[in-house]
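Okay, here's what each chain looks like letter by letter:
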Amino acid sequence: MRIRVSHTTRYDYSPPAKSAIQLLRLTPRSHEGQHVCQWRIGVDAQCRLKAGEDALGNITHSFTLEGPIQSFSVTVEGEVETQDTAGIVRGTVERFPPGLFLRTTPLTEPDDAILALAGEVRETLGRDPIAGLHDLSGKIHARMAFDTGATTTATKAGTALALGHGVCQDFAHIFISAARFLGVPARYVSGYLLREDGLVLQEAGHAWAEAHVEGLGWVGFDPAHAISPTEAYVRLAAALDYHGAAPVLGSRYGGGQESLDVSVRVEHARRQIQS
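Residues numbered from 1 in each chain as written. Predicted model: local features only at pLDDT ≥ 70, side-chain atom pairs only at ≥ 80, totals over all residues. Heavy atoms only, no water.

**Here's the deal with the packing of aromatic side chains**
A ring pair, where both rings are aromatic, is described by two values, the distance of the centres and the angle of the planes. According to the stated counting rule, one finds seven aromatic pairs in the structure shown. Relative to Trp 218, the ring of Phe 101 lies with its centre 5.3 Å away and its plane at 90 degrees, an arrangement referred to as edge-to-face. Linking Phe 101 in the loop between β5 (88–89) and α1 (112–127) with Trp 218 in strand β11 (residues 217–221), this pair joins segments that are 117 residues apart in sequence. Residue classification places Phe 101 among the buried residues on the basis of a relative accessible area of 4%. We classify Trp 218 as buried; its relative accessible area is 6%. Between the aromatic rings of Phe 175 and Phe 221, the centroid separation amounts to 5.4 Å while the plane-to-plane angle is 25 degrees, which identifies the pairing as stacked. Here the residue Phe 175 occupies a position in helix α4 (residues 168–181), and Phe 221 occupies one in strand β11, the gap between them amounting to 46 residues. (Phe/Tyr/Trp six-rings, centres within 6.5 Å; stacked < 30°, edge-to-face > 60°. Helix = DSSP H or I, 4+ residues; strand = E, 2+ residues; numbered from the N terminus. Buried < 20%, exposed > 50% of the residue type's maximum accessible area, 1.4 Å probe, protein only.)

So, in structure tokens, the structure goes:
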């Protein structure tokens, strides 16, 4: 499947900001099941994009703007060829052993409710790790309602589970928290999803989790949809939690009110060609 992505983030400041700095994890890597055909990052302001990699091997770009800054936009556009690998992830950059991803973070620290959830799948996990992890994903999917207004990027896994509402980030954090408690290395993944319902224009990118299974390696699980990632998924970055894989992180100095507008288009590349 060939997927085309266009993702624009626009910032407006009133009054203008004095300066701003941005760190982007918006460039996918090629690996088994994912080939990046073309990809471009653009900023509609005078700056120098500095390419690099973070400690986990995710591709990064950073830039600094000097004010006064009234507005600026960051846009990524590209096409990726994907294949269904049954959720198994191979050929990625791995700089640390899987055990690193047993480390708890503030966003993924388990509370009593997550410990109880983990306990529900412990027996199945012991007999069949893949079945146990799918069971965990399904239980999270059944208990959580997708709700863009219920949580923020700072919401902890336990808080989201107690609310019973959240976005894909929250579903992933709950899965990661429970998996790590059960002794399974797990990590957060950011990316894009070509939706089955044909909705092209989306409010944001997507997020899911990966767990390390003995004998298989890293395997993806998307509790927001209770499936493993398919050829409809484009993988951007992976980290211990959202903060380490966030597509855009930034700060600014000065200025007043900041308004943010995000536009994400994910579609079959052939549709773009025919238009």
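**Things to note about unusual backbone geometry**
Look at the link from Ser 14 to Pro 15: it is a cis peptide, with omega at -5 degrees. The topology assignment puts Pro 15 in strand β1 (residues 2–24). Residue Pro 68 is bonded to the preceding Gly 67 through a cis peptide linkage, with omega at 5 degrees. Structurally, the position occupied by Pro 68 is in strand β4 (residues 59–82). Of note in this structure, Ala 86 is not a glycine but carries a positive phi near 60 degrees.

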